[in-house]
Structure formats: structure tokens, C-alpha cells
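Results of the structural survey
Chain by chain, the residues run as shown.
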Amino acid sequence: DAKTTQPPSMDCAEGRAANLPCNHSTISGNEYVYWYRQIHSQGPQYIIHGLKNNETNEMASLIITEDRKSSTLILPHATLRDTAVYYCIVKSNSGGSNYKLTFGKGTLLTVNP
Amino acid sequence: NAGVTQTPKFRVLKTGQSMTLLCAQDMNHEYMYWYRQDPGMGLRLIHYSVGEGTTAKGEVPDGYNVSRLKKQNFLLGLESAAPSQTSVYFCASSYRVSGANVLTFGAGSRLTVL
């Protein structure tokens, strides 16, 4: 699995867009980019995933660069409830261990009033 | 539809005692997992199951046993608890969407071993 690099922490003003970067320069062609988040004392929550194209759902947008070596998770209008640790994970969708996700330390996003 | 339910939510044990954590999912997911999370660290995979009657070791399996007798349940057992097993335990189950594998987590079980 490709290694990911995320900043340890970020701040964002309430109501503004939060842009969380993730570097995955060794990603291979069949590896997905997943984003999860963990609000304090709760279980992690799935946000979004993508392979090559940009993706959007009701929670966020995922922008993947053309070379796929980095991505950005965008929360368009951050609220105080978006304060959480955000995990970027890269994982192949094939092979014998594609169902095991490895969580690093992630980025602590603090949304300020 | 309750999703993934973990019981108990909190438990205090003495060193050497045994206990079982229960994870139940009502989404008909094939895969289930047990993770532990310690302060300052990410989630670490203990054991996982790819289907009823099957289990496999993750990154940190020592001191734990698991069973998946029914598809909807995944049990994590501690035969002789140690203080090093003080942690928050998360269960998850997963399904495939658009070719990818998406995990749904429970709310966690906080275990303290004295």
C-alpha cells in the first residue's frame, strides 16, 4: 500500500471551505484514495473515496491530481461539528488484503467560530 | 437499521480476568474487523473476518481471540487481561461500493485493565 503524508493539524474558520491535503506520491494504478474522519471519542466515519476522477457527495469533494500523487478533501462550508481527525488512506481494490485499511495519525482539523 | 453495535461500551477489568466484546451488524456485510486505538496512535487492526466461520490475524493479534459463528456477529475475547490491553476498541464491518471497500464503524468500547 502506498504511504500517505498529511499535515498533523489545520485550522479553518466556520463557514469557510476546509481544504485538507494528502500526499501519496507512490500510489499505483489500482489503488483507491479513501477519506475517513473521527470526531472525538467516536468511531471513524467514511467520507468519500476515488480512483482517478474527482468525486463529490453530500459530505465533501475529493480532488485527485492528474498524476494521482496527491489529493485534497474539501469541506465546502465547515461547521464546528466538522472538527475531527481526518484520515487519508490509499488501498488497492484487488488482492488478498484489499479489505484491510491502515489508519495513520491523520490531520486534526479544528473549525473555529 | 442500527448499523454496527458494540457491547459493552465501558468495562473495567482486573489483571488476569477474561471478557468478551460483542460486535453485531445488521447490514449483511461479509467482512468484519476489530481495531484498537491508543492515545497518540492511529487505529491498529487486531483480527478480521472475511466471512462466517473464518478469522485471520491483523497487526496486533497477541493476547486476543476472535470468533465469527454467525455472519452478523464478531466476538473479541481477552482470556487473561493485561494492563497493556487498556484501550478503546472499535469494531467495523464493510461492503463494496464502486469497486472500493467501505468500512462502517461502531461507537467503540472503552476497556481499562487495572
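What comes next is a walk through the structure. Values in this document were obtained by computation on a predicted structure and should not be read as measured data. (Residues numbered from 1 in each chain as written. Chains lettered and ligands numbered in written order. Predicted model: local features only at pLDDT ≥ 70, side-chain atom pairs only at ≥ 80, totals over all residues. Heavy atoms only, no water.)

1. Observations regarding the overall build of chain A
- Summing up its helical and strand segments, chain A has 0 helices and 9 strands in all.
- Each helix and strand of chain A, placed in order from N terminus to C terminus, yields the pattern β-β-β-β-β-β-β-β-β.
- Here chain A has a C-alpha radius of gyration of 14 Å; the compact-globule value for 113 residues is 13 Å, and the two agree.
- Here the C-alpha coordinates of chain A stretch approximately 45 × 30 × 25 Å along the principal axes.
- Counting only residues that meet the buried cut, chain A has 43% of its 113 residues in that class.
- Once local pairs closer than 6 in sequence are excluded, the contacts in chain A between residues at least 24 apart make up 58%.
- Working note: accessible area of chain A is about 5,600 Å², and carbon and sulfur atoms make up 49% of it.
- Side-chain charges of chain A comprise 10 positive and 9 negative groups, with the mean position of each set lying 6 Å from the other. (Helix = DSSP H or I, 4+ residues; strand = E, 2+ residues; numbered from the N terminus. Rg over C-alpha atoms; globule rule 2.2 N^0.38 Å. Buried < 20%, exposed > 50% of the residue type's maximum accessible area, 1.4 Å probe, protein only. Contact = heavy atoms within 4.5 Å. Areas by Shrake-Rupley, 256 points an atom, 1.4 Å probe, with all protein chains shown as cover. Lys, Arg positive; Asp, Glu negative; His and termini not counted. Charge placed at Lys NZ, Arg CZ, Asp CG, Glu CD.)

2. Quick look at the nonpolar core
- With 22 residues, the main nonpolar core has Trp35(A), Leu73(A), Tyr86(A) and Leu109(A) as its most contacted residues.
- Going through the elements one at a time, strand S2 (18-23), strand S3 (31-38), strand S4 (45-50), strand S6 (61-64), strand S7 (70-75), strand S8 (84-92) and strand S9 (107-112) of chain A are the ones with two or more residues in this core.
- With 4 residues, the top contributor of residues to this core is S8(A).
- Not counting chain neighbours up to four residues away, the residues in contact with Leu109(A) comprise Met10(A), Asp11(A), Cys12(A), Ala18(A), Leu20(A), Leu75(A), Asp82(A), Thr83(A), Ala84(A) and Tyr86(A).
- If you look at the next biggest cluster of nonpolar residues, it comprises 21 residues, including Tyr34(A), Leu45(B), Val88(B) and Ala100(B). (Core = buried A, V, L, I, M, F, W, Y, C linked by side-chain atoms within 4.5 Å.)

3. What about the sheet that holds S3(A)?
Residue and element names in this part refer to chain A.
- Read across the open sheet, the 5 strands follow the order S1-S9-S8-S3-S4; overall the sheet is mixed. Strands at the two margins of the open sheet, each flanked by one partner only, are strand S1 (9-13) and S4. The sheet shows a mean angle of 25° between the axes of neighbouring strands, direction not considered.
- As judged from the 8 bridges shared by S3 and S8, these two strands associate in the antiparallel manner. The partner of Tyr34 across the bridge, within S8, is Ile89. (Pairing = 2+ DSSP bridges. Axes fitted to C-alpha atoms, helices over the stretch in contact; angles between N-to-C directions.)

4. Quick look at the state of the cysteines
- This structure, assessed with the given rule, holds 2 disulfides over all chains.
- What pairs with Cys22(A) in a disulfide is Cys88(A), and their sulfur atoms sit 2.1 Å apart. In this structure, the disulfide formed by Cys22(A) and Cys88(A) twists by about -80° around the S-S bond and is classed as left-handed. With Cys22(A) in strand S2 and Cys88(A) in strand S8, this pair connects stretches of sequence that are 66 residues apart. Just as Cys22(A) is buried, Cys88(A) falls in that class too.
- With a sulfur-sulfur separation of 1.9 Å, Cys23(B) is cross-linked through a disulfide to Cys91(B). In this structure, the disulfide formed by Cys23(B) and Cys91(B) twists by about -75° around the S-S bond and is classed as left-handed. Taken together, the residues Cys23(B) in strand S3 (residues 19-25) and Cys91(B) in strand S9 (residues 87-97) connect sequence positions 68 residues apart. Accessibility classification places Cys23(B) together with Cys91(B) in one group, the buried group.
- Cysteine Cys12(A) shares no disulfide, and the gap to the nearest cysteine sulfur, in Cys22(A), comes to 18 Å. (Disulfide = S-S within 2.5 Å.)

5. Some remarks on the sheet that holds S3(B)
Residue and element names in this part refer to chain B.
- Overall, antiparallel pairing links the 4 strands, which are arranged S1-S3-S8-S7 in an open sheet. The open sheet terminates on both sides in strands that have one partner only, identified here as strand S1 (4-7) and strand S7 (65-67). Taken over all neighbouring pairs, the strand axes of this sheet differ in orientation by 20° on average, direction set aside.
- Bridging between S3 and strand S8 (residues 73-78) involves 6 bridges; their strand directions are antiparallel. Following the sheet pairing, Ala24 is matched in S8 by Asn73.

6. Concerning unusual backbone geometry
- Residue Pro8(B) is bonded to the preceding Thr7(B) through a cis peptide linkage, with omega at -10°.
- Backbone geometry at Ser41(A) places phi at a positive 70°, although glycine is not the residue there.
- Of note in the backbone geometry, Arg68(A) takes a positive phi value of approximately 65° without being a glycine.
- Checked against the element boundaries, Arg68(A) lands in the loop between S6 and S7.

Honestly, that's just the spatial picture; any functional story needs more than this.
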